[in-house]
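The lines below spell out each chain.
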Amino acid sequence: MDTNKPIIIGHRGAAGEAPENTLGSFRLAAEQGAHAVELDAHLSADGRLMVCHDATLDRTTDRSGWIGRMQAYEIREADAGVRFSEAYAGEKVPFLDEVFELLPAGMMINVEVKHAYGGKLAPVLLELLRRTDRLGSTVVSSFDHKLLAAIKKAEPAVRIGLLYAADLVDHAAYAASLGVDVYSLHPQHMLIGPDDTAEARRRGLEVYPYTANGEEELNRLIASGVSGIITDYPARLAALLAR
């Protein structure tokens, strides 16, 4: 891989062409040339890490209910593919460990933590990362920066990434203010420019903007020197990088 080119990070897999956060979507992203995938994690009532963006099943499946109030077997009864396309009917809400089993050990997985679940989620996540030997290939990101700092303090080997939607005066300085080692910045793609990117990378931070899909915005990010791009269309970005 050309280290001067950004890595391709499939947003919820290949969410533009497959049902988001399903094994089918992650499989397609890998087939389309993604170097990494981004996904979202919630904790079921019985302590299983479920891969779904929303806190409820309502939008993405044929069932409804709050994930944090349901048993894993109830969540698994939902069809997470049929609303996207009949071709994906029967897709389940994956367990996070299923995604680890599906994708190669060296492939980066960006796990976005949506909620702390009263302090219950972090220990479950860290135990899974240790047991599956995924600490070195996973980035844990969140908009909850206090939660990320706590996770980093609990497991210094974990890599954390800051999600945010703000045009900060100094992106790298903000990361330093957390008082723990930050691996990557995940800004909304319109809110970081080439100078900010260059300074962040000079200071040892990876820069992974989200979620860019149009050719113009993808080309702008490529030219700005970001480390990677989170996109719903991995194949589209792969084609641009191949030119």
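Above this note sits the structure.
All of these numbers come straight from a predicted model, not from anything done at the bench.

Visitor: Describe the nonpolar core, naming the residues involved and giving the relevant values.
Guide: Formed by 56 residues in total, the largest nonpolar core has its most connected members in Leu96 and Leu125. Ranked by residues supplied to this core, first place goes to helix 4 (residues 121-131) with 6 residues. Aside from chain neighbours lying at most four places away, what touches Leu125 is Leu49, Leu96, Val111, Val113 and Val140. Of all hydrophobic cores here, the second largest spans 11 residues; its members include Cys52, Met70, Ala78 and Val93.

Visitor: Before we move on, can you summarise the pairing of strand 6 (residues 159-164) with the specific residues and values?
Guide: The buried fraction of strand 6 amounts to 6 of the 6 residues, a majority that puts the element mostly inside the structure. Bridging between strand 5 (residues 138-142) and strand 6 involves 4 bridges; their strand directions are parallel. Along strand 6, the bridge assignment pairs Ser142 with Leu162. Each parallel crossover has a hand, and for strand 5 linked through helix 5 (residues 145-154) to strand 6 it is right-handed. As defined by bridge partners, strand 6 adjoins strand 7 (residues 184-187) across 4 bridges and the pair is classed as parallel. Residue Tyr164 lies in a different strand from strand 7, and its bridge partner there is Pro187. In this fold, the crossover linking strand 6 to strand 7 by way of helix 6 (residues 171-176) has right-handed handedness.

Quick notes on the rules
Each chain has its residues counted from 1, running along the sequence as written. This being a predicted model, a pLDDT of at least 70 is required before a residue's local features are given, and a value of 80 or more before pairs of side-chain atoms are given or counted; all residues contribute to the totals for chains, interfaces and linings. Side-chain numbers come from the whole structure's heavy atoms, not from hydrogens or water. Among buried residues, those of type Ala, Val, Leu, Ile, Met, Phe, Trp, Tyr and Cys that are joined through side-chain atoms within 4.5 Å constitute a nonpolar core. Buried, partly exposed and exposed residues are distinguished by accessible area as a fraction of the type maximum, computed with a 1.4 Å probe on protein chains only: under 20%, between the cut-offs, and over 50%, respectively. Helix and strand assignments follow DSSP, with helices taken as H or I runs no shorter than four residues and strands as E runs no shorter than two, numbered in order from the N terminus. Residue contacts follow a heavy-atom distance rule, with two residues in contact if any of their heavy atoms lie within 4.5 Å. Paired strands, as defined in this entry, are two strands with at least two bridges between them according to DSSP. A crossover counts as right-handed when, viewed with the strands pointing away from the observer, the path leading from the first strand over the helix to the second turns clockwise.

Geometric descriptors of this kind do not, in isolation, establish any biological role.
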